[in-house]
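# Descriptive analysis of the structure
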Amino acid sequence: QVQLVESGGGLAQAGGSLRLSCAASVRAFRYLMGWFRQAPGKEREFVACIDWSGGLTKYAESVKGRFTISRDNAKNTVYLQMTSLKPEDTAVYYCAARTIEYSGIYYSPNDYDAWGQGTQVTVSS
């Protein structure tokens, strides 16, 4: 079972930037990788995902144009570059992997079978 470890969370001011990293314990180049977030009292929601090649990415409408997902398969690492941060981006951010066969893009947390422990992102106004 792949282990995922997120890093890079913290406190940022509105309009600022943060970059999250997700390191996989095994070669994850075949996996669909995603980022989700969960704010207090809310359900976990899709943020972005990227296919194995990096050529196909999808974003939630709320982050489109501000966040960029990328991956470095040689380093078994996925990144989420977050810019123009807003207070409503405050949440625990989770890295996820779909390690089983896939075709296309998946938006539901139920479609991912490996998760990191999460990293807190707090954006102050």
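Anything mentioned here points back to the structure above.
Keep in mind that this is a model prediction, so the values were computed, not measured.

The full count for this structure, using the stated rule, is 1 disulfide. There is a disulfide in this structure between Cys22 and Cys95, and the S-S distance comes to 2.0 Å. Disulfide Cys22 to Cys95: torsion about the S-S bond roughly -75°, handedness left-handed. With a gap of 73 residues between them, Cys22 in strand β3 (residues 18-24) and Cys95 in strand β9 (residues 91-98) connect regions that are remote in the sequence. Of the two residues, Cys22 and Cys95, both sit in the buried class. No disulfide involves Cys49; its sulfur sits 12 Å from the nearest other cysteine sulfur, which is in Cys95.

The next subject is the pattern of salt bridges. This model, assessed by the stated rule, comprises 4 salt bridges. Across the pair Glu45 and Arg37 runs a salt bridge, and its minimum N-O distance is 2.6 Å. Classification of Glu45 by relative accessible area gives partly exposed; the value is 35%. Residue classification places Arg37 among the buried residues on the basis of a relative accessible area of 6%. Of the charged contacts in the structure, one is a salt bridge between Asp89 and Arg37, with a shortest N-O distance of 2.9 Å. You can see Asp89 sitting in the loop between β8 (77-82) and β9 and its partner Arg37 sitting in strand β4 (residues 32-38), a full 52 residues away along the chain. Note on accessibility: Asp89 and Arg37 belong to one class, buried.

Time to look at the pairing of β3. Among the 7 residues in β3, 5 count as buried, and that is most of the element. Judged from the 4 bridges that link them, strand β1 (residues 4-7) and β3 form a sheet pairing that is antiparallel. Bridge pairing in β3 places Glu6 opposite Cys22. As judged from the 6 bridges shared by β3 and β8, these two strands associate in the antiparallel manner.

Moving on, we come to the nonpolar core. Grouped together as the largest cluster of nonpolar side chains are 40 residues, with contacts concentrated most on Leu4, Met33, Trp35, Leu80, Met82 and Tyr93. Among the secondary structure elements, those contributing two or more residues to this core are β3, β4, β5 (45-50), β7 (67-72), β8, β9 and β11 (119-124). In contact with Met82, other than residues within four places in its own chain, are Gly16, Ser17, Leu18, Leu20, Arg66, Phe67, Tyr93 and Val121.

Counted by the stated rule, this structure contains 1 cavity of 30 Å³ or more. Cys22, Ala24, Ala28, Phe29, Met33, Arg71, Asp72, Asn73, Asn76, Thr77 and Val78 are the residues that line the largest cavity. Of all elements in the fold, only β3, β7 and β8 reach the threshold of two or more residues within the lining of the largest cavity. Here the lining of the largest cavity is built from residues that sort into 6 nonpolar, 3 polar and 2 charged.

The buried count for β4 comes to 6 of 7 residues, which makes it a mostly enclosed element. Of the pairings in the sheet, the one linking β4 to β9 comprises 7 bridges and is antiparallel in character. In the strand pairing of β9, Met33 is matched with Ala97. As paired strands, β4 and β5 are joined by 5 bridges and run antiparallel to one another. From the neighbouring strand, Arg37 faces β5, where its bridge partner is Glu45. The antiparallel pairing of β4 with β5 creates a hairpin that spans 6 residues between the two strands, and Gly41 there sits at a positive phi of about 80°.

What counts and how
- Residues numbered from 1 in each chain as written.
- Predicted model: local features only at pLDDT ≥ 70, side-chain atom pairs only at ≥ 80, totals over all residues.
- Heavy atoms only, no water.
- Disulfide = S-S within 2.5 Å.
- Helix = DSSP H or I, 4+ residues; strand = E, 2+ residues; numbered from the N terminus.
- Buried < 20%, exposed > 50% of the residue type's maximum accessible area, 1.4 Å probe, protein only.
- Salt bridge = Lys/Arg side-chain N within 4 Å of Asp/Glu carboxyl O.
- Pairing = 2+ DSSP bridges.
- Core = buried A, V, L, I, M, F, W, Y, C linked by side-chain atoms within 4.5 Å.
- Contact = heavy atoms within 4.5 Å.
- 1 Å grid on protein atoms, 1.4 Å probe; cavity = no way out; pocket = protein on both sides within 12 Å on 5 of 7 lines; lining within 4 Å.
- Points joined across faces, edges and corners; volume = space filled by probe spheres on them.
- Nonpolar A, V, L, I, M, F, W, Y, C, P; charged D, E, K, R; others polar.

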